[in-house]
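Coordinate analysis (summary)
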Amino acid sequence: MPLYLANHELAYRPLRGGIAIYNTTADESATLGFVAKAAGAAAGDTERWIVTALHALTGESRQTVEDGEPLYQPFSNGHDGVQPVAHAIADRVDAGLDCAACRISDGVEGVGDILGLGPPGALKPPFVGMHVVKSGIRTGVTEGVISAIGDDRLTITPPPGFPRDYSLTDSGDSGAL
């Protein structure tokens, strides 16, 4: 793996989007998509959540998580004294949306920035020709162009002039925003 991609697997405090998180229960790694707070949270509420892809936390054989499954950042086997940075919460997953929210552990900070991209912008409806970027643990920061939009899918292709073998995403990038 090139050195610049290994940066996504280093320890980051505060936590931020685009970095590696690990679920030792499922022996799976994922990209932390973003850090969020609960909708309707009070102004002083410090509770934060990691949002990522459900399948990346559970593997191919499971559709849900058990309450309390520990997540680590950086990688830990759970037996080396490293404390989890978050815990999976069973009622905060949606298999249909392939999404999971995991509560960040007390004493661990999280910010809304995404590694290599900064803070995300406002949500916008997608359109053909829209330029998009993401930060994931396998391919790093990549960019593309939306080339097609279907009922529940869109297609992203490399921008014009990029090399033919340009990799937009790969296994491990799941969860990236």
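Residues numbered from 1 in each chain as written. Predicted model: local features only at pLDDT ≥ 70, side-chain atom pairs only at ≥ 80, totals over all residues. Heavy atoms only, no water.

**Some points on the state of the cysteines**
Where we set the bar: The criterion for a disulfide is a pair of cysteine sulfur atoms lying within 2.5 Å.
This structure, assessed with the given rule, holds zero disulfides. Of the cysteine sulfurs around Cys99, a residue in no disulfide, the closest is that of Cys102, at 9.1 Å.

**Structural notes on the packing of aromatic side chains**
Formally: Between the rings of Phe, Tyr and Trp (Trp by its six-membered ring), a pair exists once the centres lie within 6.5 Å; its type follows the angle of the planes, with under 30 degrees stacked, over 60 edge-to-face, and the other angles tilted. A simple rule labels every residue: compare its accessible area, found with a 1.4 Å probe on the protein chains alone, to the largest value its type can have, and call it buried under 20%, exposed over 50%, or partly exposed in between. Put simply, a charge is over a ring when the Lys NZ or the Arg CZ is close to the ring centre, within 6 Å, and near the line of the ring normal, within 35 degrees.
With the rule as written, the count across this model stands at one aromatic pair. Pairing Phe162 with Tyr166 gives two aromatic rings, centres 4.8 Å apart and planes at 90°, and the pair type is edge-to-face. Residue classification places Phe162 among the partly exposed residues on the basis of a relative accessible area of 32%. In this arrangement the basic side chain of Arg92 is found over the ring face of Trp49, its NZ or CZ atom lying 4.4 Å from the centre.

**Details of the side chain of Thr139**
Applied cut-off: A run of DSSP states H or I qualifies as a helix once it reaches four residues; a run of E qualifies as a strand once it reaches two. Both are numbered from the N-terminal end. The term polar contact refers here to a pair of N or O atoms within 3.5 Å; inside protein, the definition further demands a hydrogen-donor-capable atom paired with an acceptor-capable atom, and it admits residues adjacent in sequence only when both atoms are side-chain atoms.
Considering the arrangement of structural elements, one finds Thr139 in the loop between β10 (131-136) and β11 (140-149). A polar side-chain atom of Thr139 sits 2.8 Å from a polar atom in the side chain of Lys134. There is a polar contact of 3.4 Å between the side chain of Thr139 and the backbone oxygen of Leu168.

**Topic: the pairing of strand β12 (residues 154-157)**
Here is the rule: One bridge is not enough; two strands pair if DSSP finds at least two bridges between them.
Two strands pair when backbone bridges link them, and β11 and β12 are joined in this way by four bridges, in the antiparallel orientation. Looking across to β12, one finds that Val145 is bridged to Thr157. Hairpin connection of β11 to β12: four residues between the antiparallel strands.

**Thoughts on unusual backbone geometry**
Note the cis peptide between Arg13 and Pro14, where omega equals 5°. Assignment of secondary structure puts Pro14 in the loop between α1 (3-6) and β1 (15-17). For the peptide bond that leads from Gln73 to Pro74, omega is 0°, which places it in the cis range. Along the chain, Pro74 falls in the loop between β6 (70-72) and β7 (86-94). The phi dihedral of Asp98 falls on the positive side, at around 55°, and the residue is not glycine. Relative to the assigned elements, Asp98 resides in the loop between β7 and β8 (99-104). In this structure Asp98 comes out as partly exposed when scored by relative accessible area, which is 28%.

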